[in-house]
Amino acid sequence: MLGHLSFGVHDLVRAAAFYDAILAPLGFVRVWTSPHAVGFGPPGGGDKLALFSRPGEVIAPGPGFHLAFDAPSREAVDRFHAAALAEGATDEGKPGVRLHYSSTYYAAFVRDIDGYKLEAVNQQSLLNSE
């Protein structure tokens, strides 16, 4: 449904490194770089997330907004969460099953270095994901 999403960031170099680290466990890479922006997506594909340098202008959306990334496995969700915390994110929900969504909804939530709430989610049963 969505072609891509763009965020403004305070420090492009720091944000690009942050997203390099957290998206790698999910199978996404930086697909382009310019002096004022970077784009991330599947290897060899177009961008699905673009970050644009906007020092002093960034205001993260309030409650109710978050960006969820599909994860290929529960282990990838765990690695996303650990990488995000190591890169300066704050924990908004440790990896685990979210029964209020479904018995197969395994997710973790963080708030990135610019205040955006992010989620990694794997919705496969254990029989299908391991």
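Along each chain, the written sequence defines residue order, and numbers are assigned to residues from 1. Reporting of local features is limited, given that this is a predicted model, to residues whose pLDDT is at least 70; pairs of side-chain atoms are given and counted only at 80 or more, and all residues count toward the totals for whole chains, interfaces and linings. Side-chain metrics in this entry use all non-hydrogen atoms of the structure; hydrogen atoms and water are not considered.

Caption draft 1: Representation of the overall build of the chain in the model. In terms of regular secondary structure, the chain is built from three helices and eight strands. Secondary structure elements follow DSSP: runs of H or I of four or more residues count as helices, runs of E of two or more count as strands, with numbering from the N terminus. Reading the chain from its N terminus to its C terminus gives the helix and strand order β-α-β-β-β-β-α-β-β-β-α. Based on C-alpha atoms, the radius of gyration is set beside the globule rule, defined as 2.2 Å times the residue count to the power 0.38. In terms of C-alpha radius of gyration, the chain reaches 14 Å, essentially the compact-globule figure of 14 Å for 130 residues. If you line up the chain on its principal axes, its C-alpha atoms span 45 × 35 × 30 Å. To sort residues, take the accessible area from a 1.4 Å probe on protein chains only and compare it with the maximum for the residue type: under 20% means buried, over 50% means exposed, and anything in between is partly exposed. Here the chain holds 130 residues, and the buried ones make up 40% of them. Nonlocal contacts in the chain, meaning residues at least 24 apart in sequence, comprise 53% of its contacts between residues at least 6 apart. Counting every atom, the chain has about 6,900 Å² of accessible surface; 56% of that belongs to carbon and sulfur. In the chain, 10 side chains carry a positive charge and 14 a negative one; their mean positions are 2 Å apart. Contacts are assigned to residue pairs that have any heavy atoms within 4.5 Å of one another. Calculation of accessible area relied on Shrake-Rupley with a 1.4 Å probe; when residues are assessed, cover is drawn exclusively from the protein chains displayed. Only four residue types enter the tally: Lys and Arg on the positive side, Asp and Glu on the negative side, with His and both chain ends excluded. A charged residue contributes its charge at one atom only: NZ of Lys, CZ of Arg, CG of Asp or CD of Glu.

Caption draft 2: Summary view of the packing of aromatic side chains. Whether two aromatic rings pair depends on their centres lying within 6.5 Å, for rings of Phe, Tyr and Trp, where Trp uses its six-membered ring; planes under 30 degrees apart make the pair stacked, over 60 edge-to-face, and the rest tilted. According to the stated counting rule, one finds six aromatic pairs in the structure shown. With centroids separated by 5.2 Å and ring planes inclined at 70 degrees, the aromatic side chains of Phe 18 and Tyr 19 adopt a geometry described as edge-to-face. Judged by its relative accessible area of 1%, Tyr 19 is buried. With 4.6 Å between their ring centres and 55 degrees between their planes, Tyr 101 and Tyr 105 make a pair best called tilted. Taking the relative accessible area as the measure of exposure, Tyr 105 reaches 13% and is therefore buried. Aromatic rings pair up to connect Phe 7, Phe 65 and Tyr 116 into one cluster.

Caption draft 3: Layout of the sheet that holds strand 8 (residues 117–122). The rule for pairing is simple: two strands pair if DSSP sees at least two bridges between them. Strand order in this open sheet of four strands is 5-8-7-6, and the pairing throughout is mixed. Every interior strand has two partners, whereas the edge strands, strand 5 (67–70) and strand 6 (90–97), have only one. Between one strand axis and the next, the sheet turns through 15 degrees on average, direction left out of account. Where strand 5 meets strand 8, four bridges bridge the pair, whose relative direction is parallel. Across the sheet, residue Asp 70 finds its bridge partner in strand 8, namely Val 121. The convention used is that axes are lines fitted to C-alpha atoms, helices contributing only their stretch in contact, and that angles between N-to-C directions extend from 0 to 180 degrees.

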